[in-house]
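# Structure assessment
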Amino acid sequence: MAKRAAPEVNAGSMADIAFLLLIFFLVTTTIEKDKGLLRSLPPIDDTEVEPPIIRQKNLFTVLINRNNQLLVEDEQMELKDLRQAAIEFLDNGGGENQAGETCDYCQGKRLDDSSDHPDKAIISMKHDRETTYEKYIEVQNELVAAYNYLREREASRLYKKYYPDAEFVYATMLEEKEKNQFSKDEVLNERIETVKKLFPMKLSEAEPDKN
Amino acid sequence: MSKFRKKDKGELPAISTASLPDIVFMLLFFFMVATVMRDSSLMIENILPSADQVEKLKKDRTVFIFAGKPSSQYKQFGTEPRIQFNDAFIAVEDVKPSVLQAISELNEELQSKVVIGLKVDKKTNAGLVSDIKQELRKANALKVMYIANVKTE
């Protein structure tokens with residue numbers, strides 16, 4: 001009997017099958033980009049140096065109790081008011097900093113019983129062990145937002161001329177820095193540092209009491 | 001007639017699609033390789049809190065620590081929030097050695113820039129987080145990122 005040649009398989013639909021698989025993987029791939037609040041922890045310091053005395057008016061205390069209630073400067077406060085309160089405290093500029101300069105860029109009310117200078121203003125935060133993490137992050141977020149608001153204001157005051165189209169100058173500058181991470185832009189970095197220095201982030205956290 | 005007329009009669013030859021599957025397969029393999037389903041399977045509930053003042057995280061220099069209540073398949077570990085590192089539950093005092101170990105596995109030039117990514121369930125007690133932070137201070141890994149969902153308003 002004559003050997004019959006095997007019929008050739010039609011490979012025309014191969015592309016379709018491959019496309020199907022490709023689209024499946026395209027859809028299921030999520031190139032995750034995690035985002036979050038970046039904070040630095042204080043290093044452990046064993047030296048027994050007497051901590052400098054901080055005057056009460058330069059300290060903005062935020063307490064969160066186990067029922068997730070906020071106590072700000074000895075008064076109960078809602079979370080939505082925290083940002084504004086922190087901004088007013090940081091921006092007060094009622095006195096002089098260590099070097100004896102007054103805060104000429106502050107737009108606050110210059111009250112005598114609030115912070116002297118953004119250099120001196122410290123936000124102190126303390127929470128209970130039973131506080132939920134969600135509340136803790138919300139409070140952190142509001143406090144960081146207060147700093148970001150003020151830095152944004154200063155950045156647009158100083159550098160708006162370089163970024164005439166940008167709505168948020170500070171955010172644009174940070175984005176630019178992110179993009180140029182392989183080719184360092186000294187001028188840009190210096191500007192960002194200048195803005196950061198005007199409102200240095202002094203956010204201290206006390207350890208919750210053990211009980 | 002002119003010489004050029006002759007060429008008219010031939011129709012355009014059909015473009016061979018024989019190599020199309022190869023191209024598509026190449027793309028397919030790329031995506032198959034690039035897809036990371038998940039690094040470590042989570043043994044805890046992990047609903048992140050939301051925030052809007054967020055910064056991007058650089059993945060290459062990050063060590064992740066998870067915390068939260070054990071999820072329903074891992075009920076035998078109790079209902080108290082636990083710390084998960086890679087694929088196992090660890091105790092608070094094991095955080096420091098685990099983190100140091102993970103840092104030493106990183107690329108040398110990134111070791112000094114390491115960021116600890118804290119993926120903590122929003123219902124966890126903040127006390128557990130501050131315990132973790134104490135351990136991180138002991139391990140001298142001071143850069144922490146509280147990973148959060150971006151709030152959309």
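Residues numbered from 1 in each chain as written. Chains lettered and ligands numbered in written order. Predicted model: local features only at pLDDT ≥ 70, side-chain atom pairs only at ≥ 80, totals over all residues.

Heads up, the condition is: UniProt positions are given in the numbering used here, feature names are shortened, and annotations may be inferred rather than shown by experiment.
In the annotation of an unreviewed UniProt entry, the entry for chain B reads Biopolymer transport protein ExbD, and the organism field reads Winogradskyella epiphytica. In its Sequence similarities (unreviewed entry) section, the UniProt record describing chain B reads: "Belongs to the ExbD/TolR family."

Going by the annotation in an unreviewed UniProt entry, the name recorded for chain A is Biopolymer transport protein ExbD, with Winogradskyella epiphytica given as the source organism. In its Sequence similarities (unreviewed entry) section, the UniProt record describing chain A reads: "Belongs to the ExbD/TolR family."

## Some details on the packing of helix α4 (residues 169-179) of chain A against helix α5 (residues 186-198) of chain A
Residues and elements named next belong to chain A. Defined as follows: Angles shown run from 0 to 180 degrees and are taken between the N-to-C directions of axes, each axis being a line fitted to C-alpha atoms and, for helices, limited to the stretch in contact. Numbering of helices and strands runs from the N terminus; a helix is a DSSP stretch of H or I covering at least four residues, while a strand is a stretch of E covering at least two. Any angle that falls under 35 degrees is termed roughly parallel, while one over 145 is termed roughly antiparallel, one within 65 to 115 roughly perpendicular, and all others oblique. Left-handed describes a crossing whose near helix is turned anticlockwise from the far helix by less than a right angle; the clockwise case is right-handed. For the purpose of contact definition, each residue receives a C-beta atom placed from its backbone, and two residues are in contact when these atoms lie within 7 Å. Amino acids are sorted into nonpolar (Ala, Val, Leu, Ile, Met, Phe, Trp, Tyr, Cys and Pro), charged (Asp, Glu, Lys and Arg) and polar (every other residue, Gly among them).
Packing of α4 against α5 brings their axes to within 10 Å, and their N-to-C directions diverge by 140°. For the element pair α4 / α5, the angle class is oblique. The two elements α4 and α5 meet at a crossing, and its hand is left-handed. Contacts between α4 and α5 involve Tyr170, Met173, Leu174, Glu176 and Lys177 from the former and Leu188, Asn189, Arg191, Ile192 and Val195 from the latter. Across the contact of α4 with α5, the residue classes break down as 6 nonpolar, 1 polar and 3 charged.

## Focus: the pairing of strand β2 (residues 59-64) of chain A
Each regular strand carries side chains that alternate between the two faces of the sheet. Residues and elements named next belong to chain A. What counts, and what does not: Here exposure depends only on C-beta density: within 10 Å of a residue's C-beta, 20 or more other C-beta atoms make it buried, 12 or fewer make it exposed, and intermediate numbers make it partly exposed, the C-beta atoms being placed from the backbone. Strand pairing is defined by DSSP finding a minimum of two bridges between the two strands.
On β2, burial follows the alternation: Phe60, Val62 and Ile64 on one face are buried, whereas Leu59, Thr61 and Leu63 on the facing-out side are not. Here β2 pairs with strand β5 (residues 122-127) via 6 bridges, running parallel. When the sheet's bridge partners are listed, Val62 is paired in β5 with Met125. Relative to strand β3 (residues 70-72), β2 runs antiparallel, the two being bridged by 3 bridges. In the sheet register, Leu63 faces β3, and the bridge partner there is Leu71. In textbook terms, the turn of a hairpin is the stretch between consecutive antiparallel strands, and for β2 and β3 this stretch comprises 5 residues, one of which, Asn68, has a positive phi near 65°.

## Structural notes on the interface of chain B and chain A
Across the contact, 43 residues belong to chain B and 38 residues belong to chain A. No other element matches the 9 residues that helix α1 (residues 20-34) of chain B contributes to the side of chain B that touches chain A. As judged from the 5 bridges shared by strand β1 (residues 35-40) of chain A and strand β7 (residues 143-147) of chain B, these two strands associate in the antiparallel manner. Of the residues in β7 of chain B, the one forming a bridge with Leu37 of chain A is Tyr146 of chain B.

## Some thoughts on the nonpolar core
Counted only if it meets this: The term nonpolar core refers to a set of buried Ala, Val, Leu, Ile, Met, Phe, Trp, Tyr and Cys residues connected through C-beta atoms within 7 Å.
Grouped together as the largest cluster of nonpolar side chains are 50 residues, with contacts concentrated most on Ile116, Leu118 and Ile132 of chain B. Discounting chain neighbours no more than four positions away, the residues touching Ile116 of chain B are Val63, Ile65, Val99, Leu136, Ala141, Lys143 and Val144 of chain B.

## Describing the environment of Gly127 of chain B
For Gly127 of chain B, the position within the fold is in helix α3 (residues 126-138). Through-space distance from the C-alpha of Gly127 of chain B to that of Ala88 of chain B is 21 Å; in sequence the pair is 39 residues apart. When residues no more than four places from it in sequence are discounted, the contact partners of Gly127 of chain B are Arg129, Glu130 and Pro208 of chain A.

## Describing the confidence of the model for chain B
Detail in the predicted coordinates should be disregarded across regions flagged by low pLDDT. So the rule is basically this: The predictor reports its confidence for every residue as pLDDT, a score running from 0 up to 100.
When pLDDT is averaged along chain B, the result is 81; 90% of the residues meet or exceed 70. Interface predicted TM-score (ipTM) for the complex: 0.73; the corresponding pTM is 0.76.

## With respect to the sheet that holds β3 of chain A
Residue and element names in this part refer to chain A. Strand order across the open sheet formed by 5 strands is β4-β3-β2-β5-β6, with mixed pairing between neighbours. Strand pairing shows two members of the sheet lacking a second neighbour, β4 (75-77) and β6 (203-206), which therefore form its edges. When strand polarity is set aside, the average angle formed by the axes of neighbouring strands in this sheet is 25°. Alignment of β5 against β6, held across 4 bridges, turns out to be parallel. Counterpart to Met125 in the pairing with β6 is Glu205.

## Description of α4 of chain A
Residue and element names in this part refer to chain A. As a reminder, the rule being used: Note: the arc covers the axis-to-C-beta directions of the helix.
Taken together, the buried positions of α4 are occupied by Val169, Tyr170 and Met173. Buried residues along α4 cover an arc of 100° about the axis, so they all sit on one side. Along α4, the residues that are exposed and aim more than 90 degrees away from the buried face are Glu178 and Lys179. Buried-residue contacts for α4 involve α3 (133-159) and α5.

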